[in-house]
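# Notes for the structure review
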Amino acid sequence: MHDKNEKIKMKNTATLELSEEEMRAYGYKVIDAIVTHFVTQHEKLPVVSGTREEMEQLFLKEPPANATNPEEVLDFVVNNIMTNSNIVSHPKSYSFVPGPSNFISAMADALAAGFNIFSGGWQASPAAAAMEINSLNWLLRIFGFPQKRGGGIFTSGGSMANLTALITARNVKCGDNYEKAIIYLSDQAHSSNIKAIRMLGFKKEQIRIIPTDGEFKFSLIKLKNAIAKDRLEGFHPFCLIATAGTTNTGTVDPLNELAEVCKKEDIWFHIDGAYGGFAILSPLGKPLLKGIEKADSLTIDPHKWLYQPYELGCLLVRNHHWLKGTFTEKPEYLRDIEGNTSEINFYDHGIELTRRFRALKFYMSLKTFGLNEFKDAISYNIKLAENVEEYLRQSPHWEVVSPATLAVISFRYHPIDSGMTENQLDALNQYISEKVVESKEALLVTTILNNQVVLRMCLINPRTTMEDVKETLALCEKFATEGMKKI
Ligand SMILES: Cc1ncc(COP(=O)(O)O)c(C=O)c1O
């Protein structure tokens, strides 16, 4: 009961609304900010820095009790928040996996949020569910998965797709009995897989990290030995994670051979194609990905090399019943919307109940630009990395450490006859990267390959030119000359 003296207004004005004119004016300002970002981003510096203290100063300590002018809040965000974020779609943003994005998909996200489409169950949004099914069918076709039996789900990203895959694999192969279950992955597999395995409750003793060979590929001989040993010791090998485009070097594991091992040993074959999967669209990438169609489950990540804005990951499976069998719960409060079996409720195919309408940006951008534009962009990226490799090889200063593979290349500054030790070379290349990042002119960070510090470029931005790369390498050389005097 309310206190009689407490005043509750029965004519509610707290509706969180703006007038129509205010909404239009506000919306146009948002669009203007986004368009300005798209057309000017290459003129800006891609890197920002901000300490905890500096960033904290931007915000109020207490939640604001009273209203602020909407445009004031918007201006604050555009001028202080967006400007204090790295531009991952900048042509000189080479590190990690860049996010080149595209305008159509950004607008699709605005529509999805604007209409607040609930993409959990069929009944709430049948057309959205059908669009997701249709988009997944395109992907099944692209990746050579079974059309009728295959299935999948859009996720927030590659990490969630890997987690969803491994939950499914464990359920299908082990049920509730997984104390002796063993999972295999290479030392180049992405950390999200280990995270997922740990989240599933597997102990360290149940994880086999198999060393890669000289080309950073899964070593088949070491894998076969490990499986044989585990069987002899009474363990249950149940899942193998291969990578189609490793994050470090773009390397693709020997997919056909691994598929054969899995088939013979009755092991679930998961492929993490979050980075490299979409190279299948290019005639330059497709031959490297032979065997990808043999996976039981495949992670792909449109917010990487399909130029989608965050967040959009995807899991494909050979048999959609596996997802349904793993994730279906039937609470009484959802009984009225169960629908019939042809009407997919995506909350039965994955972890999330409430899901944003992720398929919209995928569908709208593919329909707008056409698949050929994506194919050409991906081919351009692969070729650009190959041209960068050629350029580096022609220089007496640079050493290519891992060749251009699916648009990733790693190299280090190592002048011929410099007489520098490995430690000095590591320090020098670390110095180059730190100085480049400090200059904010480019985002170029290091990784470790063969115990060496190397610079790594991931060239999946279709707007990055050879000129951009040459300018960045010239900057590196300037810092290298400076660094050599200090080291
Ligand atoms: C091979 C691979 N798998 C998984 C992931 C994780 O994907 P996300 O960052 O979308 O969660 C990444 C991210 O770079 C990756 O490169």
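What you see is a predicted model, and the numbers here were worked out from it, not measured in a lab. (Residues numbered from 1 in each chain as written. Predicted model: local features only at pLDDT ≥ 70, side-chain atom pairs only at ≥ 80, totals over all residues. Heavy atoms only, no water.)

## Quick notes on the overall build of the protein chain
Tallying secondary structure elements over the protein chain gives 14 helices and 11 strands in all. Relative to the 2.2 N^0.38 estimate, which gives 23 Å for 487 residues, the radius of gyration of the protein chain is 25 Å and therefore close to what a compact globule would have. A principal-axis box enclosing the C-alpha atoms of the protein chain has dimensions of 85 × 55 × 45 Å. By residue count, 48% of the 487 residues in the protein chain fall in the buried class. The contacts of the protein chain with a sequence gap of at least 6 include a subset with a gap of at least 24, amounting to 74%. Accessible surface, the protein chain: about 24,700 Å² in total, of which carbon and sulfur atoms supply 54%. In the protein chain, the 53 positive side-chain charges and the 59 negative ones have mean positions that sit 5 Å from each other. (Helix = DSSP H or I, 4+ residues; strand = E, 2+ residues; numbered from the N terminus. Rg over C-alpha atoms; globule rule 2.2 N^0.38 Å. Buried < 20%, exposed > 50% of the residue type's maximum accessible area, 1.4 Å probe, protein only. Contact = heavy atoms within 4.5 Å. Areas by Shrake-Rupley, 256 points an atom, 1.4 Å probe, with all protein chains shown as cover. Lys, Arg positive; Asp, Glu negative; His and termini not counted. Charge placed at Lys NZ, Arg CZ, Asp CG, Glu CD.)

## What to know about the pairing of strand 4 (residues 236-243)
With seven of its eight residues buried, strand 4 lies for the most part within the structure. Here strand 4 runs beside strand 5 (residues 268-272); their pairing, made up of five bridges, is parallel. Bridge pairing in strand 5 places Leu240 opposite Phe269. At this point the chain moves from strand 4, through helix 9 (residues 255-265), to the parallel strand 5, and the crossover so formed is right-handed. (Pairing = 2+ DSSP bridges. Right-handed = clockwise from strand over helix to strand, strands pointing away.)

## Some details on the site of the ligand
With respect to spatial proximity, 14 residues lie near the ligand, and among them Gly158, Ser159, Asp272, Asp301 and His303 are the closest. Contacts to the ligand include Thr247, whose side-chain N or O atom sits 2.9 Å from an oxygen atom. Within the complex, 84% of the 390 Å² of free accessible area of the ligand lies under protein. Looking at the shell around the ligand, the element that brings in the most residues is helix 6 (residues 158-174), giving three residues. Taken together, the residues of the shell around the ligand sort by class into three nonpolar, eight polar and three charged. (Near = heavy atom within 4 Å. Polar contact = N/O pair within 3.5 Å; in protein donor to acceptor, adjacent residues only side chain to side chain. Nonpolar A, V, L, I, M, F, W, Y, C, P; charged D, E, K, R; others polar.)

## What to know about the nonpolar core
In this structure, Leu139, Phe143, Leu240, Phe269, Trp305 and Leu316 are the most contacted members of the largest nonpolar core, which totals 117 residues. Per-element tally for this core: the top contributor is helix 12 (residues 371-393), with eight residues. Among all residues touching Leu316, those that are not within four sequence positions of it are Leu136, Leu139, Leu140, Phe143, Phe145, Gly151, Gly152, Asp296, Ser297, Leu298 and Ile300. (Core = buried A, V, L, I, M, F, W, Y, C linked by side-chain atoms within 4.5 Å.)

## Let's talk about the sheet that holds strand 7 (residues 313-317)
Read across the open sheet, the seven strands follow the order 1-7-6-5-4-2-3; overall the sheet is mixed. Of all the strands in the sheet, the pair left with one neighbour each is strand 1 (151-155) and strand 3 (207-210). Between one strand and the next, the sheet's axes are offset by a mean angle of 20 degrees, whatever the strand orientation. Contacts between helix 9 and the sheet are confined to strand 4 and strand 5, with strand 5 contributing the most and set at about 155 degrees to the helix. (Axes fitted to C-alpha atoms, helices over the stretch in contact; angles between N-to-C directions.)

## Comments concerning the domain arrangement of the protein chain
Structurally, the protein chain comprises domain 1 (20-87) and domain 2 (373-486). Relative placement of domain 1 and domain 2: their C-alpha centres are 33 Å apart. Facing the seven residues of domain 1 at the interface are seven residues of domain 2. With both sides pooled, the region where domain 1 packs onto domain 2 buries about 520 Å², and carbon together with sulfur makes up 63% of that total. Looking only at domain 1, the three residues that lose the most surface to domain 2 are Leu45, Pro46 and Val47, adding up to 72% of its buried area. The interface formed by domain 1 and domain 2 contains zero salt bridges. At the boundary of domain 1 with domain 2, the tally comes to one residue pair in polar contact (both at pLDDT 80 or more). Grouping the amino acids of the side of domain 1 that touches domain 2 by side-chain chemistry returns four nonpolar, three polar and no charged. (Domains from an automatic or database assignment. Buried area = accessible area lost by both parts, 1.4 Å probe. Salt bridge = Lys/Arg side-chain N within 4 Å of Asp/Glu carboxyl O.)

## Some thoughts on a nonpolar patch on the surface
Taken together, Ile31, Val35 and Val39 make up a surface patch of nonpolar side chains, about 210 Å² in accessible area. Assignment of secondary structure puts Ile31 in helix 1 (residues 20-40). (Patch = residues over 30% accessible without salt bridge, like charges linked within 9 Å, V, L, I, M, F, W, Y side chains within 5 Å.)

## Notes on the side chain of Ser95
Following the sequence through the fold, Ser95 ends up in the loop between helix 3 (70-81) and helix 4 (103-115). Reaching out from Ser95, the side chain makes a polar contact with the backbone nitrogen of Val445 at a distance of 2.7 Å. Those residues within four positions of Ser95 in sequence are excluded, and the remaining contacts are Leu443, Leu444, Val445 and Arg456.

## Brief notes about the sheet that holds strand 10 (residues 446-449)
Ordered by their spatial adjacency, four strands build an open sheet running 8-9-11-10, and the pairing between neighbours is antiparallel. Only two strands of the sheet have a single neighbouring strand rather than two, namely strand 8 (398-405) and strand 10. Strand after strand, the sheet turns through a mean of 35 degrees between neighbouring axes, direction not considered. Of the pairings in the sheet, the one linking strand 8 to strand 9 (residues 408-413) comprises five bridges and is antiparallel in character. Each bridged residue has a counterpart across the sheet, and for Val400 the counterpart in strand 9 is Phe411. Packed on one face of the sheet, helix 12 meets strand 8 and strand 9 and runs near 160 degrees to strand 8.

## Some points on the pattern of salt bridges
Under the counting rule described, the total for this entry stands at 22 salt bridges. With its nearest N and O atoms 3.1 Å apart, the salt bridge here joins Asp109 to Lys361. With Asp109 in helix 4 and Lys361 in helix 11 (residues 359-369), this residue pair connects regions lying 252 residues apart in the sequence. Taken individually, Asp109 and Lys361 each receive the classification buried, so the pair is uniform in this respect.

## Things to note about the packing of helix 13 (residues 422-439) against helix 14 (residues 466-486)
Contact pair helix 13 / helix 14: the axes reach a minimum separation of 9 Å and the direction vectors enclose 130 degrees. With respect to helix 14, the element helix 13 is oriented oblique. Here helix 13 runs over helix 14; the crossing is right-handed. On helix 14, the residues touching Leu428, Tyr431, Ile432, Lys435, Val436 and Ser439 of helix 13 are Leu475, Cys476, Phe479, Ala480, Glu482, Gly483, Met484 and Lys486. Residues that form the contact of helix 13 with helix 14 fall into these classes: nine nonpolar, two polar and three charged. (Parallel < 35°, antiparallel > 145°, perpendicular 65-115°, else oblique. Left-handed = near helix turned anticlockwise from the far one by under 90°.)

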